[in-house]
Amino acid sequence: MTSIGIFGAAGRMGRAIAQAAADDGLTVSGGTDRTASGDLLPGVAIGNDPGALAQASDVLIDFSVPAALSAHLDAAVEAGRPMLIGTTGLEPAHHALIDAAALRIPVLQTGNTSLGVNLLAALVEQAAARLGDDWDIEIVEMHHRYKVDAPSGTALLLGEAAARGRGIALADHSERGRDGITGARAKGAIGFASLRGGSVAGDHQVILATEGERIELGHRAESRLIFARGAVRGARWLLGQPTGRYDMKAVLDL
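Residues numbered from 1 in each chain as written. Predicted model: local features only at pLDDT ≥ 70, side-chain atom pairs only at ≥ 80, totals over all residues. Heavy atoms only, no water.

Colleague: I'd like a description of the packing of aromatic side chains, backed by residues and values.
Modeller: For the coordinates displayed, the defined rule picks out one aromatic pair. Between Trp237 and Tyr246, the aromatic rings sit 5.2 Å apart at their centres with planes inclined by 80 degrees, giving edge-to-face as the arrangement. Among the residues examined, Trp237 registers a relative accessible area of 23% and is labelled partly exposed. Under the relative-accessibility criterion, Tyr246 is labelled buried at 17%. Cation over ring: Arg176 sits above Phe192, and NZ or CZ is 5.4 Å from the ring centre. (Phe/Tyr/Trp six-rings, centres within 6.5 Å; stacked < 30°, edge-to-face > 60°. Buried < 20%, exposed > 50% of the residue type's maximum accessible area, 1.4 Å probe, protein only. Lys NZ or Arg CZ within 6 Å of the ring centre and 35° of its normal.)

Colleague: Residue-level account of the packing of helix α3 (residues 69-79) against helix α4 (residues 92-101), with values.
Modeller: Where α3 meets α4, the axes come as close as 10 Å, and the angle between the chain directions of the two elements is 0 degrees. For the element pair α3 / α4, the angle class is roughly parallel. Of α4, the residues touching α3 (which contributes Leu69, Ser70, Leu73 and Val77) are His94, Leu97, Ile98 and Ala101. Looking at the contact of α3 with α4, its residues break down into six nonpolar, two polar and no charged. (Axes fitted to C-alpha atoms, helices over the stretch in contact; angles between N-to-C directions. Helix = DSSP H or I, 4+ residues; strand = E, 2+ residues; numbered from the N terminus. Parallel < 35°, antiparallel > 145°, perpendicular 65-115°, else oblique. Contact = heavy atoms within 4.5 Å. Nonpolar A, V, L, I, M, F, W, Y, C, P; charged D, E, K, R; others polar.)

Below, the structure is given as structure tokens:
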């Protein structure tokens, strides 16, 4: 029976993934977290040794924090275990670490494990590819009051999809945090707005607007269980894949 190990197990996503895996008939081998206390599931303890967890698991899922990513990748590579990374707030240095690990193990990294969101990203890419840069693209996201990074990983995933559709680099065309006298909107820019409040699991809207008309593509997450179920599906898919770097588009064959 497939066993899943969870990095960042004490968080809300870690616990949701453990429950989703158990509901799917999988074995949860354990979890690690900075707190290293309590049980993830009845009889399944949360520890603090990534290497031991990797050795005890068939596949690993990481929903922790960027600062822990290096140690978790090292543990996965040392044990030769595939790893799904759903941690958000990653920077270029983290992606370089993922690229290096993907030369030795299968790694799936995504800003969102929801199947619906990843289908939305495919639609955004198609729309951006077919509409000219006279269509302005704005991405609006809202999350619960405790989220610490902005824009969300999902918003950036959608922004990257729009940029791919246009054949441009998102880093060179994104506009964030407008305030004060900003001047006119730059042609071809991809704008981001982040809202925080309450207990919102995740709302995302991509707006494509031009003179006289507007297209709105969106997704609302009503429960974080959708992310947990998507992460389990992605982890199961990752088993048996050859060494390399993957995303959720591969899981959905998009």
